[in-house]
Amino acid sequence: MAGAGAVTRKRNRDDFIGFALNSPAIILLLVMATFPIIWSFWLSLHSLNLRRPHRTRFVGVDNYIEQLTSADFWSTMYVTLQFAVGTIVFSAVIGLLLALLLNEEFPGRGLVRAITLIPWAMPPVVVGLVWAWIYDGRFGLLNAIFKGLGIIDTSRAWALDVDFAMASLVAAQVWHQVPFVTIVFLAALQTIPDEFYEAARVDGAGRFSRFFRITLPWLSQSMLIVLITQTMEALRVFDLIFILTGGGPGNSTTVVGWLAYTTSFNFTDFGRGNTFAFLIAFITLIVAIVYIRLLWKRGEFAR
């Protein structure tokens, strides 16, 4: 008993020393992470426009009430919802299909897996520049392909066409995010015990039955990760819009993230700009809670 007590005391002492040695870095990271958030939230409670700095005043939650009761804000939210639903659905479906494909044995599978990661490894600004060239109205690749196939006769600036601007953004975002979704699903697929599928085959279950009764339930918590991360990416998108559309044509691609940027830096209204930023954060939190309640406990039979 004495020996066990000495071991416990030594372990506790080592844990304390390790924590003490790392505490300066931990405190620094906490300060660097939390101070900007707290300061931004504090600014969102003020009427603060750098064009009229002498009129700065504390307004409490008036900025939030003003936006939540504004038709313009909800119009922007509708555009944001269009973009978010399009990117989340297509990223999840295409990512799942690619993961199922890459989970099978075939020659060159390792190379294909490596190539699949390239779009995700590219910075969003670079992705925007690549797709700006693809959508270019004079020299764009998309126009060249469609003309070669006889689909169109004259070139179009796809990202600046009101009928195709949102679809252009969704396609670029999906191309960028699908590799991450594929990795998440592929990692989960590789942990499914073969015994589950063997037992299902013995019971006479077909391919689709095995997919819906075994694969999908097992992927539920991976789906949770995908939905939360892709929702965050979709709601705070900025880089692609800055490069491709600038929120236009008109307001057809003006999402909340872009509105937060233009309000803060074009109109120098940092009170309302930070309000938009925190509204994005609150909406993302609510959606994440819904996802967790719907999906967290599903598939636990397999864990």
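Further up the page is the structure itself.
Every value quoted in this text rests on a predicted model; they were computed, and no experiment measured them.

Analysis parameters
- Here the residue numbers are simple positions, counted from 1 along each chain's written sequence.
- Totals for whole chains, interfaces and linings use every residue, but because this is a predicted model, local features are given only for residues with pLDDT of at least 70 and side-chain atom pairs only at 80 or more, for both listing and counting.
- Note that the side-chain values use all heavy atoms of the structure and ignore hydrogens as well as water.
- Note on conventions: DSSP H or I runs of at least 4 residues are helices, E runs of at least 2 residues are strands, and numbering of each starts at the N terminus.
- We define a salt bridge as a side-chain nitrogen of Lys or Arg found within 4 Å of a carboxyl oxygen belonging to Asp or Glu.
- Working definition: a ring pair exists when centres of Phe, Tyr or Trp rings (six-membered ring for Trp) sit within 6.5 Å. Plane angles under 30 degrees give stacked, over 60 give edge-to-face, the rest tilted.
- Burial status follows relative accessibility: with a 1.4 Å probe on protein chains alone, a residue under 20% of its type maximum counts as buried, one over 50% as exposed, and anything between as partly exposed.
- Within the patch definition used here, like charges are joined within 9 Å and nonpolar side chains (Val, Leu, Ile, Met, Phe, Trp, Tyr) within 5 Å, considering only residues with over 30% relative accessible area and no salt bridge.
- All accessibility values rest on the Shrake-Rupley procedure with a 1.4 Å probe; residue burial counts only the protein chains present in the view.
- Helix span is expected to be 1.5 Å times the residue number reduced by one.
- Contacts: residue pairs with any heavy atoms within 4.5 Å of one another.
- Computed over the protein atoms alone on a 1 Å grid, cavities are sets of points where a 1.4 Å probe fits but cannot get out and pockets are open sets with protein on both sides within 12 Å along at least five of seven lines; a residue lines them when it has an atom within 4 Å of a point.
- Grid points are joined across faces, edges and corners, and a volume is the space filled by probe spheres set on the points.
- Gly is put with the polar residues, along with every residue not named as nonpolar or charged; the nonpolar set is Ala, Val, Leu, Ile, Met, Phe, Trp, Tyr, Cys and Pro, and the charged set is Asp, Glu, Lys and Arg.

## Structural notes on the environment of F58
Now for step 1: In this fold, F58 is placed in strand β2 (residues 57-58).
Now for step 2: When the C-alpha positions of F58 and I283 are compared, they lie 24 Å apart, and in sequence the two are 225 residues distant.

## Quick look at the pattern of salt bridges
Side chains bearing opposite charge may pair, as long as their charged atoms lie close to each other.
Now for step 1: Inspection of every chain in the model, using the stated rule, returns four salt bridges.
Now for step 2: A salt bridge links E66 to R272; the nearest nitrogen and oxygen atoms lie 3.1 Å apart. In this pair, E66 is assigned in helix α2 (residues 62-68) and R272 in helix α14 (residues 270-295), connecting sequence segments 206 residues apart.
Now for step 3: Close ionic contact of E233 with R236 constitutes a salt bridge, the shortest N to O distance being 3.2 Å.

## Notes on the packing of aromatic side chains
Now for step 1: On inspection of all chains with the given rule, the structure shows 23 aromatic pairs.
Now for step 2: Ring geometry for W131 against Y135: centres 5.3 Å apart, planes inclined by 45 degrees, an arrangement best described as tilted. Of this pair, W131 and Y135 both sit in helix α6 (residues 124-135), four residues apart, which is roughly one turn of that helix. Per residue, the accessibility class of W131 equals that of Y135, and both read buried.
Now for step 3: Ring centres of F265 and F270 lie 5.6 Å apart, and the angle between their planes is 80 degrees; on these two criteria the pair is classed as edge-to-face.
Now for step 4: Taken together through their ring pairs, the aromatic side chains of F238, F242, W258, Y261, F265 and F270 make up a single cluster.

## Thoughts on a nonpolar patch on the surface
Now for step 1: A contiguous nonpolar patch, built from L81, V85, V89, F90, V93, I94 and L97 and spanning about 610 Å² of accessible area, is present on the exposed surface.
Now for step 2: Turning to its location among the elements, F90 is positioned in helix α3 (residues 71-102).
Now for step 3: With relative accessibility at 48%, the residue F90 sits in the partly exposed group.

## What to know about helix α10 (residues 207-218)
Now for step 1: The end-to-end C-alpha distance of α10, which contains twelve residues, comes to 15 Å, matching closely the 16 Å that a straight helix rising 1.5 Å per residue would cover.
Now for step 2: Buried residues in α10 make contact with α3, α8 (165-189), α9 (194-202) and α11 (220-235).

## A closer look at the layout of surface pockets
Now for step 1: The computed volume of the largest pocket comes to approximately 580 Å³.
Now for step 2: Around the largest pocket sit 16 residues that line it, and L100, E104, Y197, R207 and T215 are the ones nearest its centre.
Now for step 3: Those elements that provide at least two residues to the lining of the largest pocket are α9 and α10.
Now for step 4: No other element matches the six residues that α10 contributes to the lining of the largest pocket.
Now for step 5: Among the residues forming the lining of the largest pocket, the class breakdown is seven nonpolar, three polar and six charged.

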